[in-house]
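If you want the building blocks of each chain, they are given just below.
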Amino acid sequence: IKPGSDLYLLSGERKLYEEYIVTGIDCTPGFECVEFGNTETVQLGKAIGSVDDDTLKRAQIRRTIEIHLEKELQYCDMGIKVLSLFFIDEVAKYRTAEGEKGPYAKMFEECYEELMALPKYAKLQSRFPSRTGIHDGYFSQDKKGTFKNTKGDTQADYDTYNTIMRDKEWLLSFDCPLRFIFSHSALKEGWDNPNVFQICTLIDQKSTFTCRQKIGRGLRLCVNQEGERVEDKNINQLHVMANESFAEFA
C-alpha cells in the first residue's frame, strides 16, 4: 500500500472498499494515520467499521453464561457443580470503589436474565430460583478496604488467595449459590478449583506465560458432590471465550 493505491482494485474489487484510494500516509510519531480520497482517515491501531469493544465484551459474557447453563442442564443431575471464571482488565469494570456494580456486572445480570427466561432453561429456573449471590468477584484490597488492580504478586493478592482457598470446598457445593467468579489477577496462579468449566478473558494479554496461567485454571478433572474425581473426557471439557489476544493461544 502506498499513496495512490486503490483498495477496491487491490482487494479483488470487494464492494466495501469502493472509493478507498490512499491519498496520504503520515508516519509522524503520535500522528500516524492513513488518509483516503473519500476524506476518511484511519489512525494507527484503529479501524473503520470495527465492532464496539463493549459489544464484544457483552457477546463474550453472554456466550459464557449460555455454555454454562447448557452444562448445568447436563451435569447437575450427576452431582457436578459448574463454575465459570471471568478474567477482567479493571476491577472497576465489575465493582466500583463505592461498591456499586460496574459495567461488566450489569452486562452479566442482563444477559443472565435474558437467557434464564428461555423455556429451554426452565429446569434451571426451579433449581436456581434466586439471583442473589450467583456471581461475585475476588479482588485485592488496600489497607482502607478499597479494591484495586494488582499484578498477582503483592501481600494483598496473598490475602485474597487465602480467602479463595478457604472457600474452595464451599464453592463446589450446591449449597453455595456462587456459580460465576470474576477476578482481576489473584486467581491467575496457585488457585485450583477443579470445576471451572468456562473461562472468559475480558482482558488483553501479551505474555504466553500469563495466558497459560489463566487458562490453566480450567484444566483440572472435576469432582462431584462426594468429592470423587470424574474422569469422563466428555464431561471434562473446557470452553474458553477468548478475545483476540487469547484466541490463538487457547
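Heads up: the structure comes first, above all this text.
Reference entry: report on the structure contained in this document.

## As for the sheet that holds strand S2 (residues 33–36)
Phase 1: One open sheet accounts for three strands, arranged S1-S2-S3; its pairing is antiparallel. In this open sheet, the two edge strands, each paired with only one partner strand, are strand S1 (22–26) and strand S3 (41–43). Taking each pair of neighbouring strands and ignoring which way they run, the sheet shows an average axis angle of 15 degrees.
Phase 2: As paired elements, S2 and S3 share three bridges and run antiparallel to each other. Its bridge partner lying in S3, Val-34 is registered against Val-42.

## What about the sheet that holds strand S7 (residues 196–202)?
Phase 1: With parallel pairing, the five strands of this open sheet are ordered in space as S5-S6-S4-S7-S8. Each edge of the open sheet is held by one strand with a lone partner, namely strand S5 (135–138) and strand S8 (239–241). Each strand of the sheet is rotated relative to its neighbour by a mean of 20 degrees, with strand direction disregarded.
Phase 2: Each of strand S4 (83–88), S5, strand S6 (180–183) and S7 touches helix H3 (residues 103–116); the most contacted strand, S6, lies at about 165 degrees to it.

Reading the values: the criteria
Residues numbered from 1 in each chain as written. Predicted model: local features only at pLDDT ≥ 70, side-chain atom pairs only at ≥ 80, totals over all residues. Heavy atoms only, no water. Pairing = 2+ DSSP bridges. Helix = DSSP H or I, 4+ residues; strand = E, 2+ residues; numbered from the N terminus. Axes fitted to C-alpha atoms, helices over the stretch in contact; angles between N-to-C directions. Contact = heavy atoms within 4.5 Å.

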